[in-house]
Structure formats: structure tokens, C-alpha cells
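So the chains spell out like this:
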Amino acid sequence: MSVIDALAARLRSGLGPEQVLTDRQQLRTYECDGLAHYRVVPALVALPRSSAETAAVVRACAEAGVPFVARGSGTGLSGGALPHADGVLIVTSQLRSVVSLDPADERAVVQPGVINLQVSEAVRDFGYYYAPDPSSQQICSIGGNVAENSGGAHCLKYGFTTNHVTGIEMVTPDGDLVRLGGPAPDTPGYDLLGAFVGSEGTLGIATEVTVRLTRLPQTVRTLLAAFHGTDQAGAATSAIIAAGVVPAAIEMMDALSIEAAESAVHCGYPSGAGAVLVVELDGPAAEVEAQFEQVTRLCSEHGAFEVRVAADDAERALIWRGRKSAFAAVGRISPDYIVQDGVIPRTALPEVLRRINEVATTHGVRVANVFHAGDGNLHPLVLFDDAVPGEAGRAETVSGAILDLCIEFGGSITGEHGVGVDKARYMPRMFTDDDLDTMQLVRCAFDPDGLANPGKVFPTPRLCGERPGRRQGAHPLQRAGVAEIF
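Everything in this summary refers to the structure shown in the same document.

Rules behind the numbers
- Residues numbered from 1 in each chain as written.
- Predicted model: local features only at pLDDT ≥ 70, side-chain atom pairs only at ≥ 80, totals over all residues.
- Heavy atoms only, no water.
- 1 Å grid on protein atoms, 1.4 Å probe; cavity = no way out; pocket = protein on both sides within 12 Å on 5 of 7 lines; lining within 4 Å.
- Points joined across faces, edges and corners; volume = space filled by probe spheres on them.
- Helix = DSSP H or I, 4+ residues; strand = E, 2+ residues; numbered from the N terminus.
- Nonpolar A, V, L, I, M, F, W, Y, C, P; charged D, E, K, R; others polar.
- Axes fitted to C-alpha atoms, helices over the stretch in contact; angles between N-to-C directions.
- Parallel < 35°, antiparallel > 145°, perpendicular 65-115°, else oblique.
- Left-handed = near helix turned anticlockwise from the far one by under 90°.
- Contact = heavy atoms within 4.5 Å.
- Buried < 20%, exposed > 50% of the residue type's maximum accessible area, 1.4 Å probe, protein only.
- Pairing = 2+ DSSP bridges.

With respect to the layout of surface pockets
So, step 1. Reported here for the second largest pocket is a volume of approximately 610 Å³.
So, step 2. As for the second largest pocket, its lining consists of 25 residues, of which V197, G198, S199, E200 and V457 are closest to the centre.
So, step 3. Elements that contribute at least two residues to the lining of the second largest pocket include exactly α7 (192-196), α15 (427-430) and α16 (433-446).
So, step 4. Element by element, the count of residues in the lining of the second largest pocket is highest for α16, at three residues.
So, step 5. In terms of residue class, the lining of the second largest pocket is made up of twelve nonpolar, nine polar and four charged.

Take a look at the structure:
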């Protein structure tokens, strides 16, 4: 009997036969996440329904020496939940209970399979909501948000997932259930919770998450400003922030992404716009009104030829409909596309967008830009047709060149989608060998056997007794006597 067959038999006796999948056709359902460019069929899929069952699965994997990968809703865009061909995919989508709501202390405890938007729906009647709002918030799970440190349109003002998680219950890579943090705003000692959020499943699996709840704002005002080009829209974005205004969101779409959104959802954006800004302000009514006048004036001063103001919630939803649908809408104008994710300084937006257009033109592909302009988090969509020989390769070249631009301008290769398998090869362009080795020491402290989501984030395995990368000799922390190879 093979190791996987023995593991499957053990898990079926503990979880139940319907919670352990080994049929290849069933396994193919889980062969990729939202980044379908990479596909791997797992050896086995486990569907735990509780923290204890999740811990039992991980413990069985650890004892058998079998790698495991955690997966939530599968909406990730970096291949972070890509299965291991010889490993177990642990799907947390059935852990979907809202464990407790405590509006008085502005906290909620939820399981990882709870959908992002469900948290806000559960507390709306109390006058609260959950602030992080990825575009996929109707289907993405809290566990996946924690793994990738997801943001969303309103992260400019309210921050990312890490700013809204105060505690977790997690399964360690050897199968123990432990807690990091709690309901308190902060805990003494090293920030292990901060290390876990955004670790992309390489340090363990969250089974409960304590999240902050945010008061619903007194007033929300949303406007759509149309410009002839991205240079003007980018300049308006910088001017708004420079004026001391921090909107809840500033989103930008270029002409190609507008075309896609119109084709898909008929959002009715101004005709002839080369770029639009969606700006949303929220807070006390008097403050919002004063800021709204500033934003409207600054948009006009920087070339906006039309400014539309949402008169009610229905018009506000229509403005956001085009932006929220943008990723999926691109499928209307291109059979295939790569969703990229990088960060640059706000002030570099006009120049970087011009450089992206030059790179795309040189390689004969199109790039649609839709992104969080307020914090410089780009989401360029590189369009191609896989049926045309050579186009996929050119698209990948352009995708990589965009990440190089982000690094060149002092930014990052990811803002909220994570590194996963897709961008691991770019990590050495952003970090030195010593940087990467130090990160790997943290990973090894949690997972010395390297079983938790192996092959992700880091370009080559390092330390923990794994095959060494380019480094020759001991790591500086080893020489200093403060770390060791496990």
C-alpha cells in the first residue's frame, strides 16, 4: 500500500469517507486557484468540518511525511493554493461558522471558510461592518484573506487584513492547535500573529479568526471623475492625497478596462474617457462634505472633463459595479489574461503607466490597467490568446517586466495577491540572499520539516536541512550563534 493510500484510509476512518477524495475526476476540481495558468492535481483532498478535524489531518500528514496545502474558496491570484502532486489539499470551506459576535467590544470570531462579505452582513444591524473588501469579497474566504493579507478598494484608509485581525487559532505544521493573539488590541512578546498573517499557508492553517469590526460611517459620498488619459488621473490622485484628504478609496481604470466593464455590466461610464477615478469619502457628514468639495475641485483642476456624483445607494452601486467587475469583465475582450499585482509610489503612476504601455507595445500585447490608485497598488491585466503561438510567452515577458518596473521605482512585487508560485522567481530581484535566508529561518522555526505549502514564496528551498540555494557557507545568523540549520 502506498503512503497516500494508507493516509487516505486513516483519514476516512477519522473524518468519514465523504470528506476524503481520491477519485481523479473529483481531484481535478481543485487543480488550480484563481490563477488557472498553473495546474496540479493533488494526490488527495481532505474536507475537514472542525478545528479538531483539521488538526487531525495535518497530524496525519506530519506523521506520514506528506506535504499539505491549505485552500479556502480558491480565489487566490498567485497560485498560493496550488496543490502538491504528491500531497494533501486541505480545503477549509466547510469551516464556515460565525463563532461569536461582540459589537460592544467591536470583535467577531469566525471560522476560515466564512465568506468575507458575510461578516459585514452579520453585524450590519448592530451598526458595524468588516472593512477589508477584496473585489472577490462575495466569494473569497476569511482564511484565504488571512493567508494572503488581502486588501481591497478601501485599504487606502482602513488598511489590509493584518490591521483587522487581533487573534487566530491555528494548526501548526505538526498538527497542534495553538492560539496567537486574542481579542485584545495587542499582546506582549514577539508579533507571531503579524508573521502568520500574509504567510501564504507556509506557517500553518488558521481555524478561527478574531477580527475587528468597524463602525458604519455616518455619511458616504461617491464620485466618478472622467479624464482623457491616465497621466491626468494619476496627477489628480497625487493632488488629493497631498491636500491632506484620505478618501476611503481611490480607484483607477484605463480605457481598455473601461471597455471591458462596459461590455460586461453596462456601467455607463462617460464616453471617450481614457481613464476614470472612482473616489469614495466616508465619515462624519461635515468632514465628508468639506473633503468632497476639495476632491471635486482637484479633479477638475487636473483635467477631469466630467464628474458624476452618486445621488443614492443605487447610483453608488452602479459606479462601483464597473470597478468590481473589471477582472472578470476582461474575459469579454480577451480569451486569456494574466492578472499581475505590484506596488509603486503614487507619484510615479503617470511614468510607470507610460512605461507599461511601451513594454506592451514592444511585445505586441495589450495591457488593461485597473488598480488601487490611492496606494499605488497596480493590477495590470496582460491580455493574450493562448491559441496563437508565442502570445503566452510574450504575455509572461510583459508581466515580468511590469514587476521589474515596480522594483525599479522602489515598490514591491505584490500588494495583496501574494507571491505564491507565480512570483517566487522574482523574490531575489527584490531581496538579497541574506534577506531570503533570514525569512526562511522564520519559516523553519514553524515548519522544520518543510511540509506546509512547500514550493511557495521562496525561489529555492533554504535551510531546514533542505538543498541549499546560491549561498556558500554558513548564514550570518548561524555564525553569530543565534540560529541553526534544523
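Here the narrative resumes.
Examining the packing of helix α8 (residues 230-242) against helix α13 (residues 349-363)
So, step 1. For the pair α8 and α13, interaxial distance at closest approach is 8 Å and the crossing angle is 150°. Taken as axis vectors, α8 and α13 run roughly antiparallel relative to one another. Handedness of the α8/α13 crossing: right-handed. Touching T230, D231, G234 and A235 of α8 are L349, P350, L353 and R354, all from α13.
So, step 2. Its residues assigned to classes, the contact of α8 with α13 comprises four nonpolar, two polar and two charged.

Examining the pairing of strand β10 (residues 205-212)
So, step 1. Across the eight residues that make up β10, a large majority, seven, are buried.
So, step 2. Two strands pair when backbone bridges link them, and strand β6 (residues 107-110) and β10 are joined in this way by four bridges, in the antiparallel orientation. Bridge pairing in β10 places R107 opposite R212.
So, step 3. Inspection of the sheet shows strand β8 (residues 165-171) paired to β10 by six bridges, in the antiparallel sense.

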